[in-house]
Amino acid sequence: MRHVAIVGSGPAGYYTAEACQKQFGDQVRIDIIDRLPVPYGLIRTGVAPDHQSIKGVSRRYEATALSDNVRFVGNVTVGKDVAVAELLDLYDAVVLATGAPADRALGIPGDDLPGVVGSAAFVGWYNGHPDFADLAPVLDGPGAVIVGAGNVALDVARVLAKTGAEFSGSDIVGHALDSLDRAMNERITILARRGPHQIAMTPKELGELGHLERAAPRVDAADLPPEAEDAALEPGLRKSVAHLRSFAASDVEKPITIEFDFYAMPIAIEGDGKVERVIVERTAIDDEGRANGTGETYVIPAALVVSCIGYRTPPIEGVPYDAKLGRFANDEGRIAPGLYAVGWARRGPTGTIGTNRPDGFMIAEQIADDTAEDYGKNGRAGLDLLLRDRNVDIVTFRDWQKIEAAEISAARDGSPREKFTSIDAMLAARAE
Ligand SMILES: Cc1cc2nc3c(=O)[nH]c(=O)nc-3n(C[C@H](O)[C@H](O)[C@H](O)COP(=O)(O)OP(=O)(O)OC[C@H]3O[C@@H](n4cnc5c(N)ncnc54)[C@H](O)[C@@H]3O)c2cc1C
């Protein structure tokens, strides 16, 4: 029998559990530990609330969670309630699947002014992450500036631009829906350091901007490279660039403009005690593809700045950490004997949900190679004793099902659920 602890119940955690089941059959006991009382990581708190079909992948994780040899242990923070060293004593393998939940800072003057938020915080706010329920972003004002050229920037722009009615069928939390419906930024600017050929935006997400009720995207045709050069792009990027070309050619006017500013980077954020304007410098791309400032600047009036420039994995005591890369130091997932990293905690915040699946299978193979069948470890019985001694209030998968049922029954018309946004409310719901 192998005892495996997986820390983090997002895609990487569940794919690793699935892979361990395939690898070891019924000769494995898996505990999936999460700091929140609710499972599924960014599927619940990151993926956009108006992209319900993508969130549907959680049904697959549910099937894994309901198998006999897998257990969900929610409301337990590793590094606080239990140390990694203690888990290593109890389990044959400990897999850190903690994701990359911390925003990277912009690192420019004024990035600490009220009104500057990272995308983990902003996305967490509209998706009901308890850490960010009180964010109260400024949604009215001269404009919003979004920094970044990936899909998260598109999610943020789309959510800011949509009307309340356009969120029908989504599970955006009530507090965000009310604020977004009341507010309107007439101009949402997406700042991209490089050009249209260097974006990391996928065609489906980009195309959605062309079909919004009260917002229209705008691209300056002068920023687009000659069309003949699109032929060399990989097919997905070519489709995305085709959307940008159609935005540049369109003369549709709507109350909100979503402006793409390419070759542009923020160099300072200014204001009297809060964000009032962003100073932007034009860039030029050098032979190595890097964006360098040209010295030419312009000003965008704004009350909200959302940085979508990547994430870091917070360190956990006792775990070797690569501060430069912002993730656990690991060699293809191996951190130390018995200790592994998977998903965003292993490779940084890149790739889609599916990218985490091969990661999980790689780690299961490594566990098979590195561990023998029976070291006589205590596994979950030992964890239960330790957490009981510390009065840690564990949330089981059965508890989560009760929380989920309460969320479903509280849903507004047409919405799949109304999420609880505080840990206390989640814990109270399981008692009902
Ligand atoms: C805004 C946004 C939108 C996205 N949209 C899409 C999309 O539409 N399609 C797509 O394919 N991909 C999307 N992604 C990417 C996808 O969400 C990631 O690939 C995936 O979630 C990474 O999985 P993970 O398991 O490594 O991390 P996570 O999903 O972040 O899971 C980590 C888990 O670890 C837990 N945890 C953290 N620290 C501790 C600790 N100390 N103790 C216990 N538990 C802990 C967390 O609570 C969390 O549940 C999006 C990402 C973001 C940020």
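Worth saying up front: this structure is predicted, and the values here are computed from it rather than measured. (Residues numbered from 1 in each chain as written. Predicted model: local features only at pLDDT ≥ 70, side-chain atom pairs only at ≥ 80, totals over all residues. Heavy atoms only, no water.)

Engineer: Just checking my understanding: could you explain the side chain of Arg346 for this structure?
Structural biologist: As for its placement among the helices and strands, Arg346 is situated in helix 11 (residues 344-347). Judged by relative accessible area, which is 14%, Arg346 ranks as buried. Setting aside anything within four residues of it in sequence, one finds Arg346 in contact with Arg327, Asn330, Glu332, Gly333, Ala341, Asp359 and Met362. (Helix = DSSP H or I, 4+ residues; strand = E, 2+ residues; numbered from the N terminus. Buried < 20%, exposed > 50% of the residue type's maximum accessible area, 1.4 Å probe, protein only. Contact = heavy atoms within 4.5 Å.)

Engineer: Teacher, can you tell me more about the packing of aromatic side chains here?
Structural biologist: Each aromatic ring pair is summarised here by two numbers: the centre-to-centre distance and the angle between the ring planes. This structure, assessed with the given rule, holds twelve aromatic pairs. Considering the side-chain rings of Phe122 and Tyr126, the 5.6 Å spacing of their centres and the 85° angle between planes classify their relative orientation as edge-to-face. One end of the pair is Phe122 and the other is Tyr126, both in helix 6 (residues 119-126) and four residues apart, which spans about a single turn. Its relative accessible area of 0% is what places Phe122 among the buried residues. Aromatic ring contacts, followed pair by pair, group Tyr14, Tyr15, Tyr40, Tyr61 and Trp400 into a single cluster. Lying across the ring of Phe167, Lys162 places its NZ or CZ 5.7 Å from the centre. (Phe/Tyr/Trp six-rings, centres within 6.5 Å; stacked < 30°, edge-to-face > 60°. Lys NZ or Arg CZ within 6 Å of the ring centre and 35° of its normal.)

Engineer: Explain the sheet that holds strand 4 (residues 93-96) to me, please; I cannot follow it from the model alone.
Structural biologist: Hydrogen bonds along the backbone pair up the strands of a sheet, which may run parallel or antiparallel. The mixed open sheet is built from six strands, whose spatial order is 3-2-1-4-19-18. Of all strands in the sheet, those with a lone pairing partner are strand 3 (70-73) and strand 18 (334-336), marking the two edges. When strand polarity is set aside, the average angle formed by the axes of neighbouring strands in this sheet is 25°. Both strand 4 and strand 19 (residues 339-341) contribute to a ladder of three bridges, which runs parallel. Bridging across to strand 19, Val94 finds its partner in Leu339. Along the sheet, helix 1 (residues 11-24) makes contact with strand 1 (2-7), strand 2 (28-33), strand 3 and strand 4, crossing strand 2 at roughly 175°. (Pairing = 2+ DSSP bridges. Axes fitted to C-alpha atoms, helices over the stretch in contact; angles between N-to-C directions.)

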